[in-house]
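Structural overview for review
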Amino acid sequence: MGLDDRDRSLVAAIADGLPFVQRPYAEIGQRIGMDEDEIMTRLQRMVADGVISRFGVVVRHHELGYRANAMVVWDIPDAQVAEIGNRFATFDFVTLCYQRPRRLPDWPYNLFCMIHGRQRDVVLEQVEVLARECGLTDVPRKVLFSGRRFKQRGARYDAKDAELTVEALS
Amino acid sequence: MNKKEDVASLVREEVSLDEADRRLINGLQGGFPVCDRPFAEVAGRLDMTEEEVIERTSRLLDAGVLTRFGPLYHAEKLGGGLTLAAMKIPDAEFDAVVEAVNSFPEVAHNYARDHALNMWFVLATETPERISEVIGEIEAKTGYRVYNMPREAEFFVSLRFEA
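These notes cover the structure that comes with them. (Residues numbered from 1 in each chain as written. Chains lettered and ligands numbered in written order. Predicted model: local features only at pLDDT ≥ 70, side-chain atom pairs only at ≥ 80, totals over all residues. Heavy atoms only, no water.)

**Here's the deal with the interface of chain A and chain B**
Let me state the cut-off plainly: A contact between two residues is defined here by any heavy atoms of the two lying within 4.5 Å. Summed over both partners, buried area is the accessible surface (1.4 Å probe) that two parts give up on being assembled. When a carboxyl oxygen of Asp or Glu lies within 4 Å of a side-chain nitrogen of Lys or Arg, that pair is called a salt bridge. Here a polar contact is taken to be a pair of N or O atoms separated by no more than 3.5 Å, where protein atoms must pair a possible hydrogen donor with a possible acceptor and residues adjacent in sequence count only if both atoms sit in side chains. Secondary structure counts use DSSP, requiring at least four H or I residues in a row for a helix and at least two E residues in a row for a strand, with both numbered from the N terminus. Put simply, Ala, Val, Leu, Ile, Met, Phe, Trp, Tyr, Cys and Pro go in the nonpolar bin, Asp, Glu, Lys and Arg in the charged bin, and everything else, Gly too, in the polar bin.
Contacts between chain A and chain B engage 88 residues on the former and 81 residues on the latter. Approximately 8100 Å² of surface area, both sides summed, lies buried where chain A meets chain B, with 60% of it carried by carbon and sulfur atoms. If you look at where chain A meets chain B, you find three salt bridges. Counting across the interface, chain A meets chain B through 22 residue pairs in polar contact (both at pLDDT 80 or more). For the side of chain A that touches chain B, the element with the highest residue contribution is strand β5 (residues 141–151) of chain A, accounting for 10 residues. Counted by class, the side of chain A that touches chain B contains 46 nonpolar, 20 polar and 22 charged residues.

Printed below as a string of structure tokens:
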């Protein structure tokens, strides 16, 4: 995979978002001296390669009323974690699902899924559904609702001359 | 933590959206087209005019309902580092430690959560090596351990919020 210099200059040019004009890719091209077709071809390739993980809008879920934001963590035997993770991902109320390392003795949980909901009791019922449907009612788990939010920006980090927004919803 | 103040600030933050705004937000989350007239393509799908899509998207971004309009990059594939980290902070020191942690530009969002590990934040860095350096710097500055929990596997879901 890997990005060449022209990719990097494109990445830098759209780091702050796309312009609100009829032909945004042509306008970006004018700024950096590429034609519209080249811009589109490069963007399509970066999406296909997964360098761009999502291309579109990022919603500030909190402002849409998604206040019951739960990180649900489970202690799943290592041999089963991939199977259960893939199973969790099929439930439409699960918004993210990752395997992460345990940090014993303080943290025995290795499978994390996020449920962003509007009401706590609905989210708690959805956790019960996951446990029942996946045969995990006896598995240790915790539901960590988020409290105060201190910072939310897409994680930005400096790459060469551009600040880029990366996929970072926890 | 002042719970009353939290509730007040939550209520203030909700933005009112009309039916067309909701249709637009839902329609855009699946991805923005890469073609010469992308706003026109979205407009065709959602039964709006191109001008209306441009105007509403721009307004929703200004209003803070959308935080981004453009690409979201995969940190590791761009050569960067990304992790989820947690800390266990006594209540009396929580606010001071939050401030110290958030002073690092590598800290993206940071949430209080109801557990002994009560502070959870995302670190995004220019290189993978920088993650452990920043963790060391946060530990040195605050005097508390940082529990690093990088993702070891991802199970694919499509992330959408119904507006």
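Picking up after the structure, the text goes on.
**Some details on unusual backbone geometry**
A cis amide bond links Leu104 of chain A with the next residue in sequence, Pro105 of chain A, at an omega value of 5°. Summarising the element assignment, Pro105 of chain A is placed in the loop between β3 (96–99) and β4 (111–117).

**Looking at the pattern of salt bridges**
All names here are of chain A. Let me state the cut-off plainly: With a 1.4 Å probe rolled over the protein chains alone, any residue whose accessible area is under 20% of its type maximum counts as buried; one over 50% counts as exposed, and the rest are partly exposed.
Applying the stated criterion across every chain yields a total of 25 salt bridges over all chains. Among the salt bridges present, the one from Glu38 reaches Arg6, with a minimum N-O distance of 2.7 Å. Here Arg6 lies in helix α1 (residues 5–13) and Glu38 lies in helix α3 (residues 36–49), a separation of 32 residues in the sequence. Judged by relative accessible area, Arg6 falls into the partly exposed class, the value being 38%. Between Arg42 and Glu38 there is a salt bridge, and its shortest N-O distance comes to 2.9 Å. Residue Arg42 and its partner Glu38 are both found in helix α3; the two are separated by four residues, about one turn of the helix. Looking at Arg42, the relative accessible area reads 12%, which means it is buried.

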